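What follows is each chain in one-letter form.
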Amino acid sequence: MSVLARLVDSPLAERVILALVLVNAVTLGLETSPSAMAQWGGLLHALDQAILAVFVAEIAARLVVRRAAFFRDPWSVFDFVVVAIALVPATGPLQVVRALRVLRVFRLITLAPSLKRVVGALIGALPGMGSIVLLLALVLYVFAVMATHLYGADMPDKFGNLGISIYTLFQLVTLDGWSGEIVKPAMETHPYAWVFFIIFILVTSFTVFNLFIGVVVNAMQAEHELELTEKTGRPPVSMDDLMQELKKLRAEVARLDGAGRPPA
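Because the structure is a prediction, the values reported are computed rather than measured.

**Concerning a nonpolar patch on the surface**
- Together, Leu135, Leu138, Tyr141, Val142, Met146, Leu150, Leu162, Ile166 and Leu211 make up an exposed nonpolar region whose accessible area comes to about 740 Å².
- Of all the secondary structure elements, the ones that give two or more residues to the nonpolar patch are helix H8 (113-151) and helix H10 (162-173).
- With 6 residues, H8 is the single largest residue contributor to the nonpolar patch.
- Note on placement: Met146 falls in helix H8.
- Residue Met146 is classed as partly exposed on the basis of its relative accessible area, which comes to 36%.

**Observations regarding the packing of helix H2 (residues 11-30) against helix H3 (residues 34-66)**
- At a closest axis distance of 9 Å, the pairing of H2 and H3 adopts a crossing angle of 150°. The angle between the axes of H2 and H3 places the two elements in the roughly antiparallel class. Once H2 is placed against H3, the crossing between them reads as left-handed. Contacts from Ile17, Leu20, Val21, Val23, Asn24, Thr27, Leu28 and Leu30 of H2 reach H3 at Ala36, Met37, Leu44, Leu47, Asp48, Ile51, Val54, Phe55 and Glu58.

**A closer look at the packing of H8 against H10**
- Two numbers describe how H8 lies on H10: the axes approach to 9 Å, and their chain directions differ by 115°. As for how H8 packs across H10, the hand of that crossing is right-handed. Along its contact with H8, which presents Leu140, Tyr141, Phe143, Ala144, Val145 and Thr148, the element H10 presents Leu162, Ser165, Ile166, Leu169, Phe170 and Val173.
- Each residue belonging to the contact of H8 with H10 can be placed in one class, and the counts come to 10 nonpolar, 2 polar and no charged.

**A short note on the nonpolar core**
- Counting 28 residues, the largest nonpolar core has Tyr151, Phe159, Leu169, Leu172, Phe197 and Phe200 as its most contacted members.
- No other element matches H8, which puts 11 residues into this core.
- Apart from residues no more than four positions distant in its own chain, Leu172 is found in contact with Trp178, Ile182, Val183, Phe197, Phe200, Ile201 and Ser205.
- Counting 9 residues, the second largest nonpolar core, distinct from the first, contains Ile17, Phe55, Val83 and Ala86.

**Notes on the side chain of Lys158**
- When you line up the elements, Lys158 lands in helix H9 (residues 156-159).
- Setting aside residues up to four positions removed in sequence, Lys158 forms contacts with Ile164, Ser165, Thr168, Gln171 and Glu181.

**What to know about the pattern of salt bridges**
- The final tally for this structure, using the stated rule, is 5 salt bridges.
- The salt bridge partner of Arg62 is Asp79, with a shortest N-O separation of 3.1 Å. Placement of the pair is Arg62 in helix H3 and Asp79 in helix H5 (residues 74-87), with a sequence separation of 17 residues. Across the pair, exposure class does not vary: Arg62 and Asp79 are buried alike.
- Taken together, the shared-partner salt bridges in this structure form one network comprising Glu58, Arg62, Asp79 and Arg107.

**Quick word on the packing of aromatic side chains**
- For the coordinates displayed, the defined rule picks out 11 aromatic pairs.
- Plain terms: the ring middles of Phe70 and Phe80 are 6.4 Å apart, the flat faces sit at 75° to each other, and that makes the pair edge-to-face. A residue pair is termed long-range when its members are at least 10 positions apart, and Phe70 in helix H4 (residues 68-72) and Phe80 in helix H5 qualify at 10 residues.
- Measuring from centroid to centroid gives 5.4 Å for Tyr151 and Phe197, while their planes differ by 25°, and the two rings are stacked. Taken together, the residues Tyr151 in helix H8 and Phe197 in helix H12 (residues 193-232) connect sequence positions 46 residues apart.
- Residue Phe197 is classed as buried on the basis of its relative accessible area, which comes to 0%.
- Here a set of aromatic residues connected by ring pairs shows up, and it is made of Phe143, Tyr151, Phe159, Phe196, Phe197 and Phe200.
- When the ring centre of Phe55 is taken as origin, the NZ or CZ atom of Arg107, which lies over that ring, is 5.0 Å away.

Cut-offs and rules
Residues numbered from 1 in each chain as written. Predicted model: local features only at pLDDT ≥ 70, side-chain atom pairs only at ≥ 80, totals over all residues. Heavy atoms only, no water. Patch = residues over 30% accessible without salt bridge, like charges linked within 9 Å, V, L, I, M, F, W, Y side chains within 5 Å. Areas by Shrake-Rupley, 256 points an atom, 1.4 Å probe, with all protein chains shown as cover. Salt bridge = Lys/Arg side-chain N within 4 Å of Asp/Glu carboxyl O. Helix = DSSP H or I, 4+ residues; strand = E, 2+ residues; numbered from the N terminus. Buried < 20%, exposed > 50% of the residue type's maximum accessible area, 1.4 Å probe, protein only. Axes fitted to C-alpha atoms, helices over the stretch in contact; angles between N-to-C directions. Parallel < 35°, antiparallel > 145°, perpendicular 65-115°, else oblique. Left-handed = near helix turned anticlockwise from the far one by under 90°. Contact = heavy atoms within 4.5 Å. Nonpolar A, V, L, I, M, F, W, Y, C, P; charged D, E, K, R; others polar. Core = buried A, V, L, I, M, F, W, Y, C linked by side-chain atoms within 4.5 Å. Phe/Tyr/Trp six-rings, centres within 6.5 Å; stacked < 30°, edge-to-face > 60°. Lys NZ or Arg CZ within 6 Å of the ring centre and 35° of its normal.

Below, the structure is given as structure tokens:
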């Protein structure tokens, strides 16, 4: 058991699995090419099955070594699910599972610490993102109601009802064809329509999305601080802590300076 545990946790094994994930990503991409499949289809399929067998053996070894602790690690569970999906027969109604085999490429996340930190930060940012998504939905709804009343009669294909208006405004959020397809046609009958749409774009595409970025950056900073705490055994020094220490140092210097002066 100790030999198997050393093998599972060895850097060499991690590098081998990482290399196989990269090779598997290339083979899965080549399988989408008819010409590649016509020439090397048998080889690609055999290589894919061989790599899958190695992945199954690796997951089985980790299960044997870590037992119940394996399922307490979310990254291990992720690896297990990704490999298990590839074992489901891709026939009949389960044909869609064949397309899900490419999820094996996501194992790169569990093998690269930097990617794990990024994903962990994104997951940590989800609660904050929920509030921003709610704000964005509220803004979309309010502007969609206004747009339906203002432009629904002249542009029924873009603002004919609330649902269509929300879809059109969401297109504006992505800035896809916002000028030629939406704003300029609206200005043909409403010359000042650009004011409405520019305000909407500024509120959503710039302000709200910058809030998204801020939440993600804060989450990544928190993830980085957590990593430093795990490495050093003590939390990182914050700006508030530095200011407190500076105040104490100034007070101590002032006390020593006063004590060292001769009496008048």
